[in-house]
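A structural walkthrough
Residue-level listing of the chains:
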Amino acid sequence: MANTNRIKNKTAVVTGATSGIGQACAYALAEQGVNLILMARREERLADLKAALSQYSVDVDTYVLDVRELDKVNQVFADVYAKHQVDILINNAGLALGLGNIDEGRIEQWEQMIDTNIKGLLYVSRAVIPKMREQNSGHIINIGSMAGGITYPGGNVYCASKSAVHTLSEAMNLDLVGTEIRVSNIAPGAAETEFSKVRFDGNDSQADAVYEGFQPLSAEDIADLIVYVLNAPAHVNIQQVLMMPTAQRSPTVLHRDN
Ligand code: NDP
Ligand code: 8X3
């Protein structure tokens, strides 16, 4: 069913497009002929990505945006909507910071995760959903996590933030019943991106150890799934997908060689 390209010439917003899953989505969507509006905080990376995407016959617009800044989100989307219709929103910007017992948690890390993963996703969605309702079309992809359904030791606030993404995806689907707007919560397991480098504050050996002895998902594996989900026929709404590496069956049940 999803081999048919039903998204060519549509326009997608991708948040957190400068790395990992967001960047892989930008390439995968460009390959499908989808015009792109790419957002993230790192301006130079956005410019490099736009230049790299010039090999595809699609329009690429970029915005420097920290999704935690509500006024900026609203300004950016006012500008976006002056120029484009948004058909697809990939709410991908997110991060984990730290891994440790809740009683030793750092409040500023909790706040950044909650402000980005929950509030940022809400700010962006609030700017987009009314327009999707007006046009009575659209597809929202929320990047949740296996951590949103299965908590693991030390994951506390990150897991809670992804659990909120899962709940908000359900809530969006409920509140949008009767419209043609679809909402999909994509919940990946371990994927090798910059995620662990960010989580461990640039400590490469700690980050690399996360993926040792097994083949993790790649950002491209997740982008492929997202392309499949977006290409489902209009009457099919894939609401939830849990996707893990074959070596991983839950956050803590993971087979490593040696
Ligand atoms: P990366 O660290 O590689 O990418 C994260 C992206 O989010 C970057 O482009 C970063 O860009 C952007 N970002 C972070 N904070 C903000 C912010 N405040 N405003 C705007 N953009 C922001 O990690 P992943 O690609 O792995 O992560 C993408 C999503 O996937 C996250 O929501 C993560 O929780 C989720 N996920 C990841 C898994 C994994 O194992 N890797 C598994 C399950 C879910 P910039 O710094 O330029 O702003
Ligand atoms: C990101 C991957 O292992 O921290 O959600 O849940 S993990």
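As a reminder, the structure under discussion sits directly above these lines.
Source: prediction; values computed, not measured. Sequence order as written defines the numbering, with residues in each chain counted from 1. By the order in which they are written, chains take letters starting at A while ligands take numbers starting at 1. At least 70 in pLDDT is required for a residue's local features to be given in this predicted model, at least 80 for side-chain atom pairs to be given and counted, and no such filter applies to totals for whole chains, interfaces and linings, which use all residues. To get the side-chain values, take all heavy atoms of the structure and skip hydrogens and water.

Here we come to the site of ligand 2. Think of it this way: one heavy atom of a residue within 4 Å of a molecule or strand is enough to make that residue near it. Neighbouring residues of ligand 2: S145, M146, A147, Y152, Y158, F195 and R199. Within the side chain of Y152, a nitrogen or oxygen atom sits 2.5 Å from an oxygen atom of ligand 2. Any pair of N or O atoms that falls within 3.5 Å is considered a polar contact. Within protein, one atom must be able to donate a hydrogen and the other to accept it, and sequence-neighbouring residues count only if both atoms are side-chain atoms. Here R199 contributes a side-chain N or O atom positioned 3.3 Å from an oxygen atom of ligand 2. Bound to the protein, ligand 2 loses 83% of the 240 Å² it would expose on its own. Broken down by class, the residue content of the shell around ligand 2 amounts to 5 nonpolar, 1 polar and 1 charged. Accessible surface area values rest on a Shrake-Rupley calculation with a 1.4 Å probe, where residue burial reflects the displayed protein chains alone. Any residue outside Ala, Val, Leu, Ile, Met, Phe, Trp, Tyr, Cys, Pro, Asp, Glu, Lys and Arg is labelled polar, Gly included; the first ten of those are nonpolar and the last four are charged.

Attention shifts here to the packing of aromatic side chains. Aromatic pairing here means that ring centres of Phe, Tyr or Trp (its six-membered ring) are within 6.5 Å. Orientation follows from the plane angle: under 30 degrees is stacked, over 60 is edge-to-face, and everything else is tilted. In this structure the tally under the stated criterion is 3 aromatic pairs. For the pair F77 and Y81, a centre-to-centre distance of 6.5 Å together with 40° between the ring planes defines the contact as tilted. Of this pair, F77 and Y81 are both found in helix α3 (residues 70-83), 4 residues apart, which corresponds to roughly one turn of the helix. Taken as a pair, F77 and Y81 share a single burial class, namely buried. Just above the ring of Y81 sits the side chain of K131; from NZ or CZ to the centre is 5.4 Å. Its end group placed over the ring of Y158, R199 keeps NZ or CZ at 5.4 Å from the ring centre. By the criteria applied, helices consist of DSSP H or I runs no shorter than four residues and strands consist of E runs no shorter than two, each listed in order from the N terminus. For the exposure calls, accessible area comes from a 1.4 Å probe over protein chains only, and a residue counts as buried if that area is under 20% of its type's maximum, exposed if over 50%, partly exposed in between. Both a distance and an angle decide whether a charge sits over a ring: NZ of Lys or CZ of Arg must be within 6 Å of the ring centre and within 35 degrees of the ring normal.

The next point concerns the packing of helix α1 (residues 20-31) against helix α8 (residues 219-230). Interaxial angle, 0 to 180 degrees, is taken between N-to-C directions of lines fitted to C-alpha atoms, where a helix line uses only the stretch in contact. Packing of α1 against α8 brings their axes to within 8 Å, and their N-to-C directions diverge by 50°. With respect to each other, α1 and α8 are oriented oblique. Note on packing geometry: the crossing formed by α1 with α8 is right-handed. Contacts from G20, I21, A24, C25, A28 and L29 of α1 reach α8 at A219, E220, I222, A223, I226, V227 and L230. The class makeup of the residues in the contact of α1 with α8 is 11 nonpolar, 1 polar and 1 charged. In this scheme, roughly parallel covers angles under 35 degrees and roughly antiparallel covers those over 145, while 65 to 115 is roughly perpendicular and the rest are oblique. Note: crossing handedness is left-handed where the near helix turns anticlockwise from the far helix by less than a right angle, and right-handed where it turns clockwise. Note on definitions: a residue-residue contact is assigned when non-hydrogen atoms from the two residues lie within 4.5 Å.

Side chains of E31, E220, D221 and D224 sit close together on the surface and give a patch of like negative charge. Ranked by the residues each element gives to the negative patch, the list is headed by α8, at 3 residues. Residue placement: D221 occurs in helix α8. Candidates for patches are residues over 30% relative accessible area with no salt bridge; among them, like charges are joined within 9 Å and nonpolar side chains (Val, Leu, Ile, Met, Phe, Trp, Tyr) within 5 Å. Counted as salt bridges are all cases of a side-chain nitrogen of Lys or Arg within 4 Å of a carboxyl oxygen of Asp or Glu. Positive charge is attributed to Lys and Arg, negative charge to Asp and Glu, and no charge count is given to His or to the chain ends. Charged groups are reduced to one reference atom each: NZ for lysine, CZ for arginine, CG for aspartic acid, CD for glutamic acid.

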